[in-house]
Amino acid sequence: MVFDSFWVYLAASPLWWLTLTILVYLAAQKLFLKSGSIALLNPVAVSIVALIVLLELSRTSYDAYFAGAQFLHFLLGPATVALAVPLFRQMARLRAIWFPVTVSLAVGVLVGAFSAVAIGYALGLDRETLISLAPKSVTTPVAMGISEVLGGIPAMTAAFVVFTGITGAVIGLRILKAAGVTDESAVGIAMGVTAHGVGTARAFEAHPVSGAFAGLAMALAAFLTALLLPPVFEWMGWL
Amino acid sequence: MLNGIALLLFCQLCGEALVRLFGWPVPGPVIGMLLLFLWLRYRGRSSHDLDLTADGLLKYLALLFVPAGVGVMVYFDALGGTWLKLGVTLLASAVITLVVTGWTMQWLLRRQKSEYTDGL
């Protein structure tokens, strides 16, 4: 009985899920380092799975969870703005290689959208799902907006964005290494354009230069996708 | 640190305001990042306070994605029977995008470098 009323208090307080999110993440980070950095034990992926299990077990709704966790979520805004600082530190390098950066970004944005649509089409997914897949490489609010414009389902797109970000963070560095991509700025651009914010966070863990370029790639990919995707889809007769 | 936080929030606020004012299809913080970058370029240097705040926030950037990530639980039912096809599609697309972008960038970098050395 005492536990019941205690649980009722905790579950209603934003403090509980906020604290738990941070503790789960710290534990996941420790596990990741102890394992010798096994890619599949990516701290973000492990934290998300662990928290979903905890929420399902305690029959807590996502809304109730988010009432607490939103304080961390809120910090994504200022953290995104803060990406300008590492980018500014890379100014000299950026100025020297602006042409490769611009071309790679345009290539990455188009390949990201059309590879998903083509593979999904080959696997027999329906048209609405295919359209919802197209903007999955950009940050959630942009992706949902584009999905709506194209005639997809924004909520579905949001799930694809999250999955893509985590996938990119888990496999990205290993895939790039296997493909022989060694230049730190190239690693960053590929991570940012493929896996937006989550990929950028992972790129920062690999190298500060990779992180700076991933942040740049994420921001510019948001612009490019919003500008390019609707007209290209219309031109192809998809709308 | 307070100066740094104030500057970041102010840039975000300006970004959000511009996005709403002009109906741009990009998020406010991304415009905010652009504004801060332009401010740093104009000023020519960062400050110790801003460095401290930005580095502190970015060190834990990954943690900040956890609350949104847990949100996929809401879509489990909606994805229904197609989750395997979707998983394969998203995974394959991520691999292709990573490799093609990485190769393009590295190839262009090498080409540019050899152009410079050829000119010397």
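Chain B is annotated in an unreviewed UniProt entry as CidA/LrgA family protein from Sulfurimonas diazotrophicus. Entered under Subcellular location (unreviewed entry) in the UniProt record, the comment concerning chain B runs "Cell membrane".

The name that an unreviewed UniProt entry assigns to chain A is LrgB family protein, with the source organism given as Sulfurimonas diazotrophicus. You can read under Subcellular location (unreviewed entry) in the UniProt record for chain A the words "Membrane".

Peer 1: Could you give an account of the packing of helix α1 (residues 2–22) of chain B against helix α3 (residues 48–59) of chain B, with specific residues and numbers?
Peer 2: All names here are of chain B. One way to put it is that α1 packs onto α3 with a least axis distance of 7 Å and a crossing angle of 70°. Between α1 and α3, the crossing angle belongs to the class labelled roughly perpendicular. Packed against α1, whose contacting residues are Leu2, Asn3, Gly4, Ile5, Leu7 and Leu8, the element α3 presents Asp49, Leu50, Thr53 and Leu57 at the interface.

Peer 1: Break down the environment of Thr89(B) for me, with residues and values.
Peer 2: With respect to the secondary-structure elements, Thr89(B) resides in helix α6 (residues 83–119). Taking relative accessible area as the criterion, Thr89(B) reaches 0% and is therefore assigned buried. With residues near it in sequence (within four places) discarded, Thr89(B) still touches Ala116(A), Ile119(A), Gly120(A), Leu123(A), Leu125(A) and Leu133(A).

Peer 1: Explain the pattern of salt bridges to me, and be specific about the residues and the numbers.
Peer 2: Within the structure shown, the criterion is met by four salt bridges over all chains. The partner of Asp51(B) in a salt bridge is Arg89(A), with the nearest N and O atoms 3.2 Å apart. Pair noted here: Asp51(B) is in helix α3 and Arg89(A) is in helix α6 (residues 84–89), and the two residues belong to different chains. On the basis of relative accessible area, Asp51(B) is assigned to the partly exposed category, the value being 22%. Residue classification places Arg89(A) among the partly exposed residues on the basis of a relative accessible area of 42%. When salt bridges with common partners are traced through the structure, they connect Arg89(A), Asp51(B) and Asp55(B) into a single cluster.

Peer 1: Got a sec to walk through the packing of aromatic side chains? Specific residues and values, please.
Peer 2: Residue and element names in this part refer to chain A. Under the criterion given, the structure shown has eight aromatic pairs over all chains. With a centroid separation of 6.0 Å and an interplanar angle of 65°, the aromatic rings of Trp16 and Trp17 are classed as edge-to-face. Take Trp16: its relative accessible area is 25%, and that puts it in the partly exposed class. Arranged with centres 6.0 Å apart and planes meeting at 80°, the rings of Trp98 and Phe99 form a pair that is edge-to-face. Put simply, the rings of Trp16, Trp17, Tyr62, Tyr65 and Phe66 pair up and form one aromatic cluster.

Peer 1: Got a sec to walk through the interface of chain B and chain A? Specific residues and values, please.
Peer 2: Counting residues at the interface gives 70 residues for chain B and 97 residues for chain A. Of the roughly 7200 Å² buried at the junction of chain B and chain A (both faces included), carbon and sulfur atoms supply 82%. Run the count over chain B and chain A and you get two salt bridges. Its salt-bridge partner being Arg89(A), residue Asp55(B) comes within 3.2 Å of it at the nearest N-O pair.

Peer 1: Would you mind going over the UniProt feature "transmembrane region" (unreviewed entry) in chain A in detail, with residue names and values included?
Peer 2: UniProt marks residues 6–28, 40–58, 64–85, 97–123, 153–176 and 212–233 of chain A with the feature "transmembrane region" (unreviewed entry), using the numbering shown here. As a span, residues 64–85 of chain A carries 91% helix and 0% strand, and end to end its C-alpha atoms are 35 Å apart.

Peer 1: Provide a residue-level description of unusual backbone geometry, including the pertinent values.
Peer 2: With a phi close to 55°, Ser37(A) is a non-glycine residue in the positive phi region. Structurally, the position occupied by Ser37(A) is in the loop between α2 (14–34) and α3 (43–57).

Peer 1: Go over the domain arrangement of chain A, please, and point to the residues and values.
Peer 2: All names here are of chain A. Domain annotation for chain A reports domain 1 (2–74) and domain 2 (84–236). Distance from the C-alpha centre of domain 1 to the C-alpha centre of domain 2: 27 Å. Contact with domain 1, which involves seven residues of that partner, is made by six residues of domain 2. In this assembly, domain 1 packs against domain 2 so that about 570 Å² is buried in total across both faces, 67% of it on carbon and sulfur atoms. Across the domain 1-domain 2 interface, the total number found is zero salt bridges.

What counts, and at which threshold
- Residues numbered from 1 in each chain as written.
- Chains lettered and ligands numbered in written order.
- Predicted model: local features only at pLDDT ≥ 70, side-chain atom pairs only at ≥ 80, totals over all residues.
- Heavy atoms only, no water.
- UniProt positions renumbered as here; feature names shortened; annotations may be inferred.
- Axes fitted to C-alpha atoms, helices over the stretch in contact; angles between N-to-C directions.
- Helix = DSSP H or I, 4+ residues; strand = E, 2+ residues; numbered from the N terminus.
- Parallel < 35°, antiparallel > 145°, perpendicular 65-115°, else oblique.
- Contact = heavy atoms within 4.5 Å.
- Buried < 20%, exposed > 50% of the residue type's maximum accessible area, 1.4 Å probe, protein only.
- Salt bridge = Lys/Arg side-chain N within 4 Å of Asp/Glu carboxyl O.
- Phe/Tyr/Trp six-rings, centres within 6.5 Å; stacked < 30°, edge-to-face > 60°.
- Buried area = accessible area lost by both parts, 1.4 Å probe.
- Domains from an automatic or database assignment.

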